[in-house]
Each structure stands twice: as C-alpha cells, then as structure tokens.
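# An overview of the molecular structure
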Amino acid sequence: MAKELRVLKERTGLSLDGLARKTPYSKSAWHRYLNGEKLPPRSAVEALAQVAGADREQLLAVYDAAYRARTAPVAPPPVAPTAPLPAEGTGLTAERTGWARQFLRSAGVLRTVGALVALTALVATMGAAAAIVEIPARAARTDGDASPACHGHRCQGRYPWRPGCHRDARAESTIVDTTYTVRLRFSPSCGTVWSEVQPRSGGAQKVSIWVGRDARLTSHTHGREGLAVSPMLATSDLRQAVACAKVADRVACTGAIELTSPARSPEGDDFPGPEFLDRVMR
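The text that follows walks through the structure, step by step, so that each part is easy to find. (Residues numbered from 1 in each chain as written. Predicted model: local features only at pLDDT ≥ 70, side-chain atom pairs only at ≥ 80, totals over all residues. Heavy atoms only, no water.)

## Focus: the pattern of salt bridges
Counting across every chain of the model gives seven salt bridges. Residues Asp-17 and Lys-27 are paired through a salt bridge, measuring 3.8 Å at the closest nitrogen-oxygen approach. Placement of the pair is Asp-17 in helix H2 (residues 16–22) and Lys-27 in helix H3 (residues 27–34), with a sequence separation of ten residues. Judged by its relative accessible area of 41%, Lys-27 is partly exposed. Residue Glu-196 pairs with Arg-183 through a salt bridge whose shortest N-O separation is 3.3 Å. Here Glu-196 is found in strand S3 (residues 192–199), whereas its partner Arg-183 is found in strand S2 (residues 180–187), with 13 residues between them in sequence. Exposure remark for Glu-196: the relative accessible area of 5% places this residue in the buried category. Sharing partners across several salt bridges, the network here consists of Arg-183, Arg-185 and Glu-196. (Salt bridge = Lys/Arg side-chain N within 4 Å of Asp/Glu carboxyl O. Helix = DSSP H or I, 4+ residues; strand = E, 2+ residues; numbered from the N terminus. Buried < 20%, exposed > 50% of the residue type's maximum accessible area, 1.4 Å probe, protein only.)

## Examining the packing of aromatic side chains
Counted by the stated rule, this structure contains three aromatic pairs. Judged by centre distance (6.3 Å) and plane angle (70 degrees), the ring pair of Tyr-25 and Tyr-33 falls under edge-to-face. For the pair Tyr-25 and Tyr-33, one class covers both residues: buried. For the ring pair Trp-30 and Tyr-33, a centre distance of 5.6 Å and an interplane angle of 85 degrees mean the geometry is edge-to-face. Of the two residues, Trp-30 and Tyr-33 both sit in helix H3, three residues apart, roughly one turn of that helix. With relative accessibility at 0%, the residue Trp-30 sits in the buried group. (Phe/Tyr/Trp six-rings, centres within 6.5 Å; stacked < 30°, edge-to-face > 60°.)

## Examining the nonpolar core
If you look at the biggest cluster of nonpolar residues, it comprises 20 residues, and the most contacted ones within it are Tyr-25, Trp-30, Tyr-33 and Leu-48. Those elements that place two or more of their residues in this core are helix H1 (2–12), H2, H3, helix H4 (42–52) and helix H5 (56–71). Once residues lying within four places of it in the same chain are set aside, the contact partners of Trp-30 are Leu-16, Leu-19, Ala-20, Thr-23, Tyr-25, Ala-44 and Leu-48. Counting 18 residues, the second largest nonpolar core, distinct from the first, contains Tyr-180, Val-193, Ala-241 and Ala-252. (Core = buried A, V, L, I, M, F, W, Y, C linked by side-chain atoms within 4.5 Å. Contact = heavy atoms within 4.5 Å.)

## Let's talk about the state of the cysteines
Summed over the entire model, instances satisfying the criterion amount to three disulfides. The partner cysteine of Cys-165 in its disulfide is Cys-190, sulfur to sulfur 2.1 Å. Between Cys-165 and Cys-190, the S-S dihedral sits near -95 degrees, and the bridge is therefore left-handed. With a gap of 25 residues between them, Cys-165 in the loop between helix H7 (136–145) and strand S1 (170–176) and Cys-190 in the loop between S2 and S3 connect regions that are remote in the sequence. Comparing Cys-165 with Cys-190, the two get one shared label, buried. Here Cys-244 is linked by a disulfide to Cys-253, with a sulfur-sulfur distance of 2.1 Å. (Disulfide = S-S within 2.5 Å.)

## Some words on H3
The complete set of buried residues in H3 reads Ala-29, Trp-30, Tyr-33 and Leu-34. Axial view of H3: buried residues confined to an arc of 125 degrees, hence all on one face. Buried-residue contacts for H3 involve H1, H2 and H4. Just beyond H3, the residue with positive phi is Gly-36, at close to 75 degrees. (Arc of directions from axis to C-beta.)

## Considering the side chain of Ser-173
Topologically, Ser-173 is positioned in strand S1. With relative accessibility at 16%, the residue Ser-173 sits in the buried group. A polar contact is formed between the side chain of Ser-173 and the side chain of Thr-254, at a distance of 2.9 Å. Within the local environment of Ser-173, its side chain forms a polar contact with the backbone nitrogen of Gly-255, the two atoms lying 3.2 Å apart. Sequence-distant contacts of Ser-173, that is, excluding residues within four places in its chain, are made with Val-182, Arg-183, Leu-184, Thr-254, Gly-255 and Glu-258. (Polar contact = N/O pair within 3.5 Å; in protein donor to acceptor, adjacent residues only side chain to side chain.)

## Notes on the environment of Arg-200
Mapped onto the elements, Arg-200 comes out in the loop between S3 and strand S4 (204–211). On a C-alpha basis, the gap between Arg-200 and Tyr-180 in space is 5.1 Å, while along the polypeptide they are 20 residues apart. Separated by 3.1 Å, the side chain of Arg-200 and the backbone oxygen of Tyr-180 make a polar contact. A distance of 3.0 Å separates a polar atom in the side chain of Arg-200 from a polar atom in the side chain of Thr-181.

## Topic: the packing of H1 against H4
Remark: H1 packs on H4, axes separated minimally by 9 Å, with the N-to-C direction vectors making an angle of 35 degrees. By crossing handedness, the relation of H1 to H4 is classed as left-handed. In this structure, H1 uses Leu-5, Leu-8, Arg-11 and Thr-12 to contact H4, whose residues at the interface are Leu-48, Val-51 and Ala-52. For the contact of H1 with H4, a count of residues per class yields five nonpolar, one polar and one charged. (Axes fitted to C-alpha atoms, helices over the stretch in contact; angles between N-to-C directions. Left-handed = near helix turned anticlockwise from the far one by under 90°. Nonpolar A, V, L, I, M, F, W, Y, C, P; charged D, E, K, R; others polar.)

Here you go:
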C-alpha cells in the first residue's frame, strides 16, 4: 500500500508540504503513510487519488486488500492431543502402569509449560503488530465500522471529518468547470449534506451548502488550495440541497441548481447568498 501511495505522490510532483496543503492531512501524517509506519484512513487514500488523478476504485481495491491483511486475526497455536491412560485389564504390571502414569503427568506439565511459552510468544507478536499499525482492531472501528459521532441536527455546523460522516458519503451531484470541481456530498448515516470543492487552479474563496434558505458557509480570504469543504446541514430532502463554491472569481453550484458563471455579486456581499440563489432560481 505504501509503495502505491509513494508512486502517486511522485506523480503529483508535490512535496509533503504541498500534499498537506491540497488534502485535509498534515505533513507528518503523510510521512507516516508513505513510509508504511501507519495504514492511512480510507479518506486519505481517496484524497491522494483525487489529487493525482488516479483510478479511485483500483486504488481503493489495493487499500482494502492491505487493510484486510493488517487486521486479520492471529490463529492460536494447535493443542497437542492428550494421551489416554492405560485401561484396566490390559495386562500391564503395576510397575509399568506407575511409570506410565508418572510419564503422562510429566508430559502434562510439559504441555502446560509449552502452552504458556506459545501464549507469551503470541502476545509479544500481537504487541509488535499493534505497535506497527497502532492496534488493528481500533483502526477497524475508526476507519470502517464505527458509528458516526452525530446525526441530523446534532451534526449541523460541524465539518464532516471529525464525526466520521465522510466515511459513507456519496456524491449526489457534481459539476465540473475548467478551474474546479464542485460536489454535493450526502452522508446517509449522519443525515447531512455539505459542499466539496477541488480547485484545479487558484484557491477556493467561499464554499457553502444550502437547504432551502438555511445555509452554512466557510470563507478563505486568500483562497484555499486543495480540497475544501463547507460545514454540514441536516436534511432528509436532497431535492432542496444546493452546493456552491467561488474559485478565482467564478461561481459554480450543483444540486437543486446547476450553474457555472463569473461571480456577479458586489464586493463584500456574503456570496453565494439567498438573493443570488433566488435570482438564479427565478
């Protein structure tokens, strides 16, 4: 997995600092992922695939195989079968029977000692594996099967990464312009939507999500390079959701409104705003 990530990183031509600016992950995190010190989360793999322009499904297939390999349970050592005691009436003398019983008792002690040694080795092996991947069971709960930390209005105004809403998110609609791609993202487990923008040139200045006249907006005065997202809004009716972004004095919206155009709002207007959306929808 780390080798595949390094190949994609080289394809982007970016340094670790550049990669950190274009994704939601820090320079130190990418250093650990690329060196194989830590298995990256699925969302980091998706972000690198997007920046590198790689086949997302093919890369995720490699990630899933690596994840299963690291989180596979360790099989316990086989237990040796217990030898039966001599039955009565077999013709063995008392001396031979006593010797046999003493031998079997000794063998039982040896088996117990051997099992303890094997168990100690197993614990040490699991401890070493946990140090490498930071406990696979915990990674499984964090990256795959864990429930999100919020739902519906409890998620409203939060960004999708921390509560885990990005894990099952899907793109409900997408619009592509020469300078950016804007997506309307929806998380079924969280019951929320948000806007996601990936600039190709320049930086995202404003990213907003709308459900009717309810909105959440994030602004970047100097433009944010790389992936940018809005806070989340709770909704059960995706037909009213609109994701908008302003990049390099151009505006794009997708969802209930599909739009790409130069920004026409006055300087200082909280763009995109309800007046602009109402004007477009009319």
